[in-house]
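Survey of secondary and tertiary structure
Take a look at the letters that make up each chain.
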Amino acid sequence: MKKSDKIIVPSQSYKIFLETNFKFALDKDVVVYPSGGIDCNIFYANKNKRLNCYRLGFAGRLVRSKNIHLILETLPYINDYTLDIIGEGPELQSLQLLVNKLNIQDRVLFIGAKSQRDLADWYRNIDCLIYPSESESLGLVPIEAMACGVSVILSDIPAFRELKSTGFIVNIIDDMTARAIYEKIKHVEIYDSNPFFNSNLVEKLYSSDNVKKDLINVFK
């Protein structure tokens, strides 16, 4: 990085991290480019969908740092809710064992990895995405979900606080516990006045057609 004329990072919060931890970055041209952005021809909202927040979802790598086990631990207290888990990873077996231990087999569906188009269709058929990740440089999954008109519950980390400060309607959990997730599920903010506010904002700020122009300018 010291030899670089320009440094490309995926988010403003990551730029701050870089400049805080690598002082020489303050003298560099640090460009924010959100990992290719979102293809809004694939990730878009269903304008006829009615949100009710009974079908929950998680999508991503099944690793401990995503805290999927905390989502599962909320389900015994919310009997009307189901959970879809999209993805693969080393935590799959332990998560399946936890589902059996909690006796919630009839309400949890494990689904393997999906193509972008299939993933977008899945987003449009859930009510709320829960993503209690411990660390993200951008957080592409919640942005994709919001593009599809899905309400999101997110962990309190810089990348997700940035989404909130940018103007997105997101639900940030108070701490990394099952109880905190449970409280947000019970009182999740579903934007009734304009259910497509988030999807419109994603198109404006993260559309691949828009952000690729910024990347092209880097090389001019």
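The sections below set out a description of the structure shown in this document. (Residues numbered from 1 in each chain as written. Predicted model: local features only at pLDDT ≥ 70, side-chain atom pairs only at ≥ 80, totals over all residues. Heavy atoms only, no water.)

Attention now goes to the side chain of Asp84. Mapped onto the elements of the fold, Asp84 is located in strand β4 (residues 82-86). In this structure Asp84 comes out as buried when scored by relative accessible area, which is 5%. Apart from residues lying up to four places away in sequence, Asp84 is in contact with Arg55, Leu56, Gly57, Phe58, Leu109, Ile111, Trp122 and Ile126. (Helix = DSSP H or I, 4+ residues; strand = E, 2+ residues; numbered from the N terminus. Buried < 20%, exposed > 50% of the residue type's maximum accessible area, 1.4 Å probe, protein only. Contact = heavy atoms within 4.5 Å.)

Another aspect to go through is the pattern of salt bridges. In total, this model carries eight salt bridges according to the counting rule given. With its nearest N and O atoms 2.6 Å apart, the salt bridge here joins Asp84 to Arg55. Note that Asp84 is positioned in strand β4 and Arg55 in strand β3 (residues 55-59), a separation of 29 residues in sequence. Here Glu183 makes a salt bridge to Arg179, at a shortest N to O gap of 2.9 Å. Taken together, the positions of Glu183 and Arg179, both in helix α7 (residues 178-186) and four residues apart, correspond to about one turn of that helix. (Salt bridge = Lys/Arg side-chain N within 4 Å of Asp/Glu carboxyl O.)

Its volume calculated, the largest pocket comes out at about 180 Å³. Around the largest pocket, the lining comprises 13 residues; the ones closest to its centre are Ala59, Gly60, Leu119, Val141 and Glu144. For the lining of the largest pocket, the secondary structure elements donating two or more residues are α4 (116-123) and α5 (140-147). For the lining of the largest pocket, the leading source of residues is α5, giving three residues. A per-class count over the lining of the largest pocket returns seven nonpolar, two polar and four charged. (1 Å grid on protein atoms, 1.4 Å probe; cavity = no way out; pocket = protein on both sides within 12 Å on 5 of 7 lines; lining within 4 Å. Points joined across faces, edges and corners; volume = space filled by probe spheres on them. Nonpolar A, V, L, I, M, F, W, Y, C, P; charged D, E, K, R; others polar.)

Our next topic: empty space enclosed by the protein. Considering all chains together, one arrives at two cavities of 30 Å³ or more under this definition. In this structure, the largest cavity encloses a volume near 40 Å³. Every residue lining the largest cavity is listed: Ser11, Ser13, Leu138, Ala159, Glu162, Leu163 and Tyr206. For the lining of the largest cavity, the element with the most residues is helix α6 (residues 158-166), which contributes three residues.

Our focus in this paragraph is helix α8 (residues 197-206). Regarding α8, the residues found buried are Asn198, Ser199, Leu201, Val202 and Tyr206. Along the axis of α8, the buried residues cluster in a sector spanning 160 degrees; they form a single face. Residues of α8 that are buried make contact with α5, α6 and α9 (208-218). (Arc of directions from axis to C-beta.)

All right, on to α5 then. α5 sits mainly inside the fold: seven of its eight residues count as buried. If you check which residues of α5 are buried, you get Val141, Pro142, Ile143, Glu144, Ala145, Met146 and Ala147. The inward-facing, buried residues of α5 abut β3, α4, β6 (128-131), β7 (151-154), α6 and α8. Backbone geometry just after α5 places Gly149 at a positive phi near 80 degrees.

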